[in-house]
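Residue-level structure breakdown
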Amino acid sequence: MGSPSFRFAVVCGLVALTACSDSASTDQDPQPGNTGGTAGTGGASGGAGVGGDGGDATCVAASLDGTASLASTMAENSGMRELDLTVSAAAIGFGDGSFGDADGLYLATDPTMLLGSMVDLFPREADFVVGAVSYGTEGLTGCGTEIAPITGLDLSELWSLGEERDISHSGIADWLFGAEYAFVFGPVADDDTVTFEDGVLASIDLTITVAFEIDYSLIGNRTTYDNGMLTVRGDAISLQLDDTQVDLPTAFGVEPRSQLVIDFRGTVNAVFRSGPQRAAPTSSSSQTVT
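A quick note: this is a predicted structure, and the numbers were derived from the prediction, not measured. (Residues numbered from 1 in each chain as written. Predicted model: local features only at pLDDT ≥ 70, side-chain atom pairs only at ≥ 80, totals over all residues. Heavy atoms only, no water.)

On to the environment of A89, then. Secondary-structure assignment places A89 in strand 6 (residues 88–91). Separated by 10 residues in sequence, A89 and G79 have C-alpha atoms that sit 7.5 Å apart. Not counting chain neighbours up to four residues away, the residues in contact with A89 comprise M80, R81, F94, D103, G104, L105, Y106 and A108. (Helix = DSSP H or I, 4+ residues; strand = E, 2+ residues; numbered from the N terminus. Contact = heavy atoms within 4.5 Å.)

Shown next as structure tokens:
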């Protein structure tokens, strides 16, 4: 893709065949990345690596600003299903892709049968914005294979209370009896990382827990569907939850069971993928940033 960071990284990658160093020096004391739940700009870039392998060119990580977009292209069959209370389903590909199209709600056992009025659950269709990860930049040079820790995560574009994001807040509320609900995302872990090849984002490795809380009773008796996971492996992103709850308090009495299935799969746009349109980055050195 044509982003400034990619164009810069390719230049470094071409120079790396003769000039990029196996080592890096730091000219300043960088600041640590944002450790909060919302992705920030991270810390200052690491120092430049100089010399090595028969040249004296400088590898500069100026384009590694501490954030990586999670904007993704999702599969058309990505969506959600509730198989007992409503026996209904919604998916990106169920609509025609136009503004306000009918992503739902359809009979779960017969997705050609629209149930009542249409609901646009996924306003951005397959073009999810998702959010971003923040990562530590200390020691990054923009040369070779470098691994940096993920320090923060912002998923406010995936879903946000009262907002129309990748997943429509009002759409789900209309679907599930107007009940108050929320997605609950867990924190990042110490082993969640991003990997760069000569300054090009080559992989994101991230796993967080996901739960879906809802008050079917409308009076504060919450039901929690849990055991969900949001993962990114390389350039593949996935949000999965499949949980069954029993004896649910609802506004209509106690319901015996409800199974909720959430299944989103796609590809992160910012992660480098080899192909005829762009050369693969070279790798002249390897280091892990801590």
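Take the packing of aromatic side chains next. To describe a pair of aromatic rings, one takes the distance between the centres and the angle between the planes. Across all of its chains, the model carries 12 aromatic pairs by this definition. Consider the rings of W159 and Y181, whose centres lie 5.6 Å apart with planes at 50°: the pair is tilted. Here the residue W159 occupies a position in the loop between strand 11 (145–154) and helix 2 (169–175), and Y181 occupies one in strand 12 (residues 181–185), the gap between them amounting to 22 residues. With relative accessibility at 9%, the residue W159 sits in the buried group. On the accessibility criterion, Y181 (2% relative accessible area) is buried. Residues F177 and Y216 carry aromatic rings whose centres are separated by 6.3 Å and whose planes lie at 65° to one another, so their mutual orientation is edge-to-face. Of this pair, F177 sits in the loop between helix 2 and strand 12 while Y216 sits in the loop between strand 14 (200–214) and strand 15 (223–234), and the two are 39 residues apart along the sequence. By relative accessible area, F177 is classed as partly exposed at 40%. (Phe/Tyr/Trp six-rings, centres within 6.5 Å; stacked < 30°, edge-to-face > 60°. Buried < 20%, exposed > 50% of the residue type's maximum accessible area, 1.4 Å probe, protein only.)

For the structure on display, the rule yields five salt bridges. Notably, a salt bridge pairs R124 with E157, separated by 2.7 Å at the nearest N-O pair. One end of the pair, R124, is in the loop between strand 8 (110–119) and strand 9 (127–128); the other, E157, is in the loop between strand 11 and helix 2, with 33 residues separating them in the sequence. Under the relative-accessibility criterion, R124 is labelled partly exposed at 25%. Residue E157 is classed as partly exposed on the basis of its relative accessible area, which comes to 23%. Here R265 and D263 are joined by a salt bridge, their closest N and O atoms 3.1 Å apart. Each of R124, E157 and D166 takes part in one network of salt bridges that share partners. (Salt bridge = Lys/Arg side-chain N within 4 Å of Asp/Glu carboxyl O.)

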